[in-house]
Amino acid sequence: MAVPILKQGPFLIASIQAALTDTDVIRLQDDVIEQVGRFRSRGIVVDVTALDVMDSFVSRSLRGIAHMTRLRGALTVIVGIQPEVAFAMVQLGLNFEDVHTALDLEEGLAFLQGFGAGMGAEGESGGG
Amino acid sequence: MADERIIPIRNDDDVVLARSEARDLAKSLGFPSTDLTLLATAISEIARNITTYAGTGEVSLSVERRAGRAGVLVVARDRGPGIADVELALRDGYTSGHGLGLGLPGARRLVDEFELDTEPGRGTTVTLLKWAPKDPST
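Residues numbered from 1 in each chain as written. Chains lettered and ligands numbered in written order. Predicted model: local features only at pLDDT ≥ 70, side-chain atom pairs only at ≥ 80, totals over all residues.

## Quick look at the sheet that holds strand β5 (residues 100-102) of chain A
Residues and elements named next belong to chain A. Condition: Two strands qualify as a pair provided that DSSP identifies no fewer than 2 bridges between them. Secondary structure elements follow DSSP: runs of H or I of four or more residues count as helices, runs of E of two or more count as strands, with numbering from the N terminus. Only C-alpha atoms enter the line fits that serve as axes; for helices the fit covers just the stretch in contact. Angles between N-to-C directions range over 0 to 180 degrees. Working definition of a contact: two residues with C-beta atoms, positioned from the backbone, lying within 7 Å.
Read from one edge of the open sheet, 5 strands run β1-β2-β3-β4-β5, paired in mixed fashion. In this open sheet, the two edge strands, each paired with only one partner strand, are β1 (5-8) and β5. On average, each strand axis in the sheet is inclined to that of its neighbour by 25°, with strand direction left out of account. For strand β2 (residues 11-15) and strand β3 (residues 43-47), the ladder comprises 5 bridges, and the chain directions are parallel. Opposite A14, over in β3, you have V46 as the bridge partner. Contacts from helix α1 (residues 22-38) reach β1, β2 and β3 within the one sheet, and its direction differs from that of β2 by about 165°.

## A closer look at the sheet that holds strand β2 (residues 57-66) of chain B
Residue and element names in this part refer to chain B. Reading across from one edge, β1-β2-β3-β5-β4 is the order of the 5 strands in this open sheet, with antiparallel pairing throughout. A single partner strand is all that each edge strand has here, and the edge strands are β1 (5-9) and β4 (113-119). Here the average twist between neighbouring strands, direction ignored, is 15°. As paired strands, β2 and strand β3 (residues 69-78) are joined by 10 bridges and run antiparallel to one another.

## Things to note about the interface of chain B and chain A
Our working definition: Put simply, Ala, Val, Leu, Ile, Met, Phe, Trp, Tyr, Cys and Pro go in the nonpolar bin, Asp, Glu, Lys and Arg in the charged bin, and everything else, Gly too, in the polar bin.
Of the residues lining the interface, 22 residues belong to chain B; the matching set on chain A comes to 18 residues. Mapped by element, the contributors of at least two residues to the side of chain B that touches chain A are α1 (12-28), α2 (33-54) and α4 (103-110) of chain B. When residues of the side of chain B that touches chain A are assigned to their parent elements, the largest contribution, 9 residues, is made by α2(B). A per-class count over the side of chain B that touches chain A returns 6 nonpolar, 9 polar and 7 charged.

Structural data, given as structure tokens:
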């Protein structure tokens, strides 16, 4: 099942709806990379709340999305990792050290907005 | 072993099916939700090894009973290339494919018992066992 990607202002929101097959994950990766260019997005939220399993493949693919979008000038934040899933990831030895995470969609968007504000230095007053 | 369930593993849809069937079986034995996730994640790793390295194989699920305890027994079998260096395959971070090298050593950490039986040219069998919590009434 394809993951729907919504455009919200300068951001993309990819909401994973159900258990993902590897094929779905690869397609998500391709779709996000393509849409970042098409919509000139500054940030991406990948919502994994509905994911019951985050194994090494899914984890590697999400990191791939984060790294590739970074190279295209957009920041990815993974939101909604469930408590059991976090527990299993730690046991498995997976970490998202180099990937931004947030508790939920709201926090993720707030994080990206903060990042976006930091980028637009025009409105800043004072400084050197 | 009356209710052994065999799931043929041919593609990534079957990997998802295997872990969801295992989750249902474990739930019926009273596994807490964290353990359901650990088991499903371990199965995801070993079933993906089948599609990645052997192409096809199967995952068998059954209930194991020992000394008044019940657990889920998972046997993943394939007739793929086998593993030449078992010690290396169980080492964290080692990968011969395109993964993170966490598949086998990671799966081992997620379950209570783990056994790897493999021979180059003959295939690989990975056996996992995860116990349900002890029934407080016994």
